[in-house]
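# A closer look at the structure
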Amino acid sequence: MTCDLIEAACPVCSNSVAARFFPAGEQTLATLAWPGSAHAAQSLPRHAQDFVQCPSCTHVWNHRFEYDAIPYQSNPNRMFNNGSIWKGHLAQTRDLVLSRLPDAPNVVEIGCGEGHFLRGLAQARPGGRFIGFDPNATPETGLGVEFHPRLFEPLADMRAFQPDAVVIRHVLEHLTEPARLLQALAWGAMSADKDCWLFAEVPCIDRVFDTHRLADFFYEHVSHFTTESFRALMSRAGEVVTLDHGYDGEVVHALVKLAVPAHARSRAEAAARFAARTVESRATIAQQLSQLSASGQRVAIWGGTGKAAAFIHHFGADAERFPLVVDSDPGKVGTFVPGTGQRIEFRDVLKQTDVDVIVIPTQWRARDIIAEMTREGIATKRVMIEHDGGLVDFFAQSHPY
Ligand SMILES: [Zn+2]
């Protein structure tokens, strides 16, 4: 049997090639259309369903799915919560979450619907704070439960609400980018000085492979999780502490201690330090350039495109104060520096024009340019390059070039 492959990025593991799994054709919404008549039902728009499987993590999804095709705003997703076996499952998972929570916990539920699960937690732990987010439902606030009729913004809201646990039940299968939400949750949790648990649950399609049943696949569920792909997704949010099935294997859920890898966290901290330095470096070098200009020294900038144009942009070397830009490449002569507009001259103009300072933005090839200057008989008092947050004298100061 040959493989039928397409290029599509896996929403769980980002693998970029997928195997065709169930070309289900065009169909109407199955859950959220709510047509009011037979005619309305027959006239509903049809949407492409082409379910593919990730050969790497086993995830199944509709790569033709479009989120905007679903009217979540007008038709909230209603879950049927009254089956007696299902009620037992809800109680079990509620107790699983409670087992990890402090006495007066702070719990956030993302996509809480009418708030059934969250109220159950609140009743079990009076005195806690229970916060539901759902842009498509406006349940009543009260009895220790508060609702926010909007999307949860993981980076900002984890910092603002500092939950002990985040609950996401029967939501991830509706999202086009579930990994994006989970990674942002993990990073958001780093803003608090305490552990934060994630409890997530989705329908599980493991049985589909043995039974060949197809009714699981409908438009509103863009993602269909196997146990393996669910574990892969959960592990992107931190340490998977428990992963188990419920309702006779039809759902899979996990408790995850939200965390980011230590090396990624230290890299992010280093990026923040670098970002702070960029502000200082730009201010320092812009001021050095201003002093050069104000001192009346004649300055040439060697190079006017690429990294040299970036230098001119970053440090504000405008055409008024720094009109002289030269280049070694005759092909660039007569063109203009993007953004600031200096006309780029051939380096030979420096044979007729005395300059006090030549600034070489491309410090990594400064030795080549200085050799060219010597060969061509171009003299100057100083050569300046950017190094370690300032302009330094190429000959008098230390640098790695
Ligand atoms: Zn995958």
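If you're wondering where the values come from, they're calculated on a predicted model, not measured in any experiment.

Conventions we followed
Residues numbered from 1 in each chain as written. Predicted model: local features only at pLDDT ≥ 70, side-chain atom pairs only at ≥ 80, totals over all residues. Heavy atoms only, no water. Pairing = 2+ DSSP bridges. Helix = DSSP H or I, 4+ residues; strand = E, 2+ residues; numbered from the N terminus. Donors = N, O, S within 2.8 Å, 3.2 Å for Na, K, Ca; no water. Buried < 20%, exposed > 50% of the residue type's maximum accessible area, 1.4 Å probe, protein only. Arc of directions from axis to C-beta. Contact = heavy atoms within 4.5 Å. Phe/Tyr/Trp six-rings, centres within 6.5 Å; stacked < 30°, edge-to-face > 60°. Salt bridge = Lys/Arg side-chain N within 4 Å of Asp/Glu carboxyl O. Domains from an automatic or database assignment. UniProt positions renumbered as here; feature names shortened; annotations may be inferred. Axes fitted to C-alpha atoms, helices over the stretch in contact; angles between N-to-C directions. Left-handed = near helix turned anticlockwise from the far one by under 90°. Nonpolar A, V, L, I, M, F, W, Y, C, P; charged D, E, K, R; others polar.

### As for the pairing of strand S2 (residues 17-27)
Regular strands place side chains that alternate from one sheet face to the opposite one. As defined by bridge partners, strand S1 (residues 5-7) adjoins S2 across 3 bridges and the pair is classed as antiparallel. Its bridge partner being in S2, Glu7 is matched across the sheet by Val17. Bridge count for S2 against strand S3 (residues 47-53) is 7 bridges, and the pairing is antiparallel. Bridge assignment links Gln27 to a residue of S3, and that residue is His47.

### Regarding the coordination of the zinc ion
Between any two of four tetrahedral donors, the ideal angle at the metal is 109.5 degrees; between two of six octahedral donors, it is 90 or 180 degrees. At the metal site, the zinc ion is ligated by Cys10 (SG), Cys13 (SG), Cys54 (SG) and Cys57 (SG), and these contacts range over 2.3 to 2.4 Å. Binding-site remark: the zinc ion is held by donors from one chain whose sequence spacing is C-x2-C-x40-C-x2-C. You can see Cys13 sitting in the loop between S1 and S2 and its partner Cys54 sitting in the loop between S3 and strand S4 (60-62), a full 41 residues away along the chain. Classification of Cys13 as partly exposed rests on a relative accessible area of 30%. We classify Cys54 as buried; its relative accessible area is 1%.

### Side note on helix H11 (residues 366-376)
Considered for burial, the residues of H11 that qualify are Ala366, Ile369, Ile370, Glu372 and Met373. Each buried residue of H11 sits inside an arc of 155° when the element is viewed along its axis, so together they form one side. Within H11, the exposed residues directed more than 90 degrees away from the buried face are Arg367, Asp368, Thr374 and Arg375. Along its buried surface, H11 packs onto strand S13 (299-302), strand S16 (355-359) and strand S17 (380-387). The positive-phi residue at the C-terminal boundary of H11 is Gly377, with phi of around 75°.

### Some details on the packing of aromatic side chains
Counted according to the given criterion, the structure contains 14 aromatic pairs. With 5.2 Å between their ring centres and 55° between their planes, Phe51 and Phe217 make a pair best called tilted. In this pair, Phe51 is assigned in strand S3 and Phe217 in the loop between helix H6 (206-211) and strand S10 (223-224), connecting sequence segments 166 residues apart. A single burial state applies to Phe51 and to Phe217, both of which are buried.

### So, the pairing of strand S11 (residues 238-246)
Relative to strand S12 (residues 251-258), S11 runs antiparallel, the two being bridged by 8 bridges. Pairing of Gly246 across the sheet is with Val251, part of S12. The antiparallel pairing of S11 with S12 creates a hairpin that spans 4 residues between the two strands, and Tyr247 there sits at a positive phi of about 50°.

### Structural notes on the pattern of salt bridges
Taken as a whole and assessed by the stated rule, the structure comprises 25 salt bridges. Of the charged contacts, one joins Arg20 and Asp50 as a salt bridge, the two residues approaching to 3.1 Å between their closest N and O atoms. Highlighted residues: Arg20 in strand S2 and Asp50 in strand S3, separated in sequence by 30 residues. Here Asp50 falls in the buried class, since its relative accessible area comes to 9%. Salt bridges sharing partners connect three or more residues here, namely Arg347, Asp348, Lys351, Glu372, Arg375 and Glu376.

### Some words on the domain arrangement of the chain
Domain annotation for the chain reports domain 1 (5-69), domain 2 (84-264) and domain 3 (279-393). Each of domain 1 and domain 3 has a C-alpha centre, and these two points are 56 Å apart.

### Considering the UniProt feature "domain: C-methyltransferase" (unreviewed entry) in the chain
Residues annotated by UniProt as "domain: C-methyltransferase" (unreviewed entry) correspond here to residues 268-376. Counting secondary structure, residues 268-376 comes out at 46% helix and 14% strand; the distance between its end C-alpha atoms is 47 Å.

### Side note on the packing of helix H4 (residues 154-161) against helix H5 (residues 178-189)
At a minimum axis separation of 8 Å, H4 and H5 run at an interaxial angle of 35°. As for how H4 packs across H5, the hand of that crossing is right-handed. Touching Pro154, Leu155, Met158 and Arg159 of H4 are Leu181, Ala184, Leu185, Trp187, Gly188 and Ala189, all from H5. Grouping the amino acids of the contact of H4 with H5 by side-chain chemistry returns 8 nonpolar, 1 polar and 1 charged.

### A few points about the environment of Glu140
Tracing the backbone through its elements, the reader meets Glu140 in the loop between strand S6 (129-133) and strand S7 (145-148). The class of Glu140 is exposed, set by a relative accessible area of 66%. C-alpha of Glu140 to C-alpha of Asp248: the two residues are 108 residues apart in sequence and 33 Å apart in space. Apart from the residues lying within four places of it in its own chain, the contact partners of Glu140 are Arg119 and Phe147.

### Quick notes on the sheet that holds S13
Spatially, S15-S14-S13-S16-S17-S18 is the arrangement adopted by the 6 strands of the open sheet, whose pairing is mixed. In the strand order of this sheet, the two ends are held by strand S15 (344-346) and strand S18 (390-393), each with one partner. Direction aside, neighbouring strands of the sheet carry axes that sit 35° apart on average. Relative to S17, S16 runs parallel, the two sharing 4 bridges. From the neighbouring strand, Val357 faces S17, where its bridge partner is Arg382.

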